[in-house]
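# Working through the structure, step by step
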Amino acid sequence: SRRLGPVALTSGAPIIQRPDVLFLDVGDTLIRAHPSWAGVYRQGLLEFGIDIDEKDLERALLHETQAGGWWLNEEPFEPTEENSLARVIEFDRAVLARLGRADVAQDAFRRIEDAFARRSAWYVYPDVLPALDALNRAGIRLCVISNFVWGAPELIHDLELAFFGRTSEDVA
């Protein structure tokens, strides 16, 4: 397989060889929560009968994110749906505890997860589809590498971004 080679200089401008594979992140790169992270989070809680002000949620989410969420933990863990959900719930518990709601039932966390799994909860940036289409036409293999939640493959399909068609095994 061709790797990136040395940079050649022509007229002072560097020329870099075209890559074979391009790895892309998902959240806040290809898509963003719609109308906002706090808005989608609130929708899940409302469906469980919990009404928390969106601005309060926004502040709690920001605080817990800055405090160091599960995505910053470099300790190995078994990559299963159950373990992935447990890590997300740990973060969600911290957010809700910050809002005085440490007593929330397990089903509420599933409602939050369900809210984020919906197509309507995500906005695909307008330049994403044309850019991915151009990369596909150029023969560049596309692959997602992300700390997104377990259901990312289904969500990517629902958002019509599934023409990636690659997994990490395909790239090897």
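Residues numbered from 1 in each chain as written. Predicted model: local features only at pLDDT ≥ 70, side-chain atom pairs only at ≥ 80, totals over all residues. Heavy atoms only, no water.

### What about the pattern of salt bridges?
In total, this model carries nine salt bridges according to the counting rule given. Notably, a salt bridge pairs R98 with E64, separated by 3.0 Å at the nearest N-O pair. You can see R98 sitting in helix α3 (residues 81-98) and its partner E64 sitting in helix α2 (residues 54-68), a full 34 residues away along the chain. Taking the shortest distance from any N to any O, the salt bridge between R119 and E160 comes out at 3.3 Å. Residue R119 is located in the loop between α4 (106-117) and β5 (122-124), and its partner E160 is located in the loop between α6 (152-158) and α7 (168-171); the two are separated by 41 residues in the primary sequence. The class for E160 is exposed, based on a relative accessible area of 51%. (Salt bridge = Lys/Arg side-chain N within 4 Å of Asp/Glu carboxyl O. Helix = DSSP H or I, 4+ residues; strand = E, 2+ residues; numbered from the N terminus. Buried < 20%, exposed > 50% of the residue type's maximum accessible area, 1.4 Å probe, protein only.)

### Details of α3
Relative to the 26 Å expected for 18 residues at 1.5 Å per residue, α3 spans 26 Å between its end C-alpha atoms, a close match to the ideal helical length. Along α3, the positions that sit buried rather than exposed are S84, L85, R87, V88, I89, F91, D92, V95 and L96. Looking at the packing, one finds that the buried side of α3 touches α1 (37-47), α2 and α4. Of the residues one or two after α3, G100 is the one with positive phi, at around 75 degrees. (Expected span 1.5 Å × (residues − 1). Contact = heavy atoms within 4.5 Å.)

### A short note on the packing of α1 against α2
The axes of two packed helices give the description: the angle between them and the distance between them. Across the interface, α1 lies against α2 with an axial gap of 9 Å and an inter-helix angle of 115 degrees. Considering how the two elements wind past one another, α1 and α2 form a crossing that is right-handed. In this structure, α1 contributes W37, A38, G39, Y41, R42 and L45 to the contact, and α2 contributes E54, L57, E58 and L61. In the contact of α1 with α2, the residues fall into six nonpolar, one polar and three charged. (Axes fitted to C-alpha atoms, helices over the stretch in contact; angles between N-to-C directions. Left-handed = near helix turned anticlockwise from the far one by under 90°. Nonpolar A, V, L, I, M, F, W, Y, C, P; charged D, E, K, R; others polar.)

### Considering α2
The terminal C-alpha atoms of α2, which comprises 15 residues, lie 21 Å apart, in line with the 21 Å expected from a rise of 1.5 Å per residue. Among the residues of α2, those classed as buried are L57, A60, L61 and E64. Summarising the axial view, the buried residues of α2 lie within an arc of 100 degrees, below the 170-degree limit, and thus occupy one face. Within α2, the exposed residues directed more than 90 degrees away from the buried face are R59 and Q66. For α2, the elements touching its buried residues are α1 and α3. Backbone nitrogen of K55 and a side-chain oxygen of the N-cap are separated by 3.0 Å at the start of α2; the cap is D53. (Arc of directions from axis to C-beta. Polar contact = N/O pair within 3.5 Å; in protein donor to acceptor, adjacent residues only side chain to side chain.)

### Looking at the packing of α1 against α4
The N-to-C vectors of α1 and α4 enclose an angle of 130 degrees; their axes lie 8 Å apart at closest approach. By the criterion of interaxial angle, the relationship of α1 to α4 is oblique. Judged by the sense of rotation from one axis to the other, the crossing of α1 with α4 is right-handed. Along its contact with α1, which presents W37, V40, Y41, G44, L45 and E47, the element α4 presents R111, I112, A115 and F116. Taken together, the residues that form the contact of α1 with α4 break down as seven nonpolar, one polar and two charged. (Parallel < 35°, antiparallel > 145°, perpendicular 65-115°, else oblique.)

### As for unusual backbone geometry
The linkage connecting H34 with the following residue, P35, adopts the cis geometry, with an omega of 10 degrees. Positive phi is not limited to glycine here, since D28 has a value of about 65 degrees. The residue D28 is located in the loop between β3 (21-24) and β4 (31-33) in this model. Here the phi dihedral of E160 falls at roughly 65 degrees; this positive angle occurs in a residue that is not glycine.

### Re the nonpolar core
Of all hydrophobic cores here, the largest spans 37 residues; its most connected members are I31, Y41, L45 and W122. Taken together, the elements giving at least two residues each to this core come down to β4, α1, α2, α3, α4, α5 (128-137) and α6. Filtering out sequence-adjacent residues up to four positions away, L45 remains in contact with I50, I52, L57, L96 and I112. (Core = buried A, V, L, I, M, F, W, Y, C linked by side-chain atoms within 4.5 Å.)

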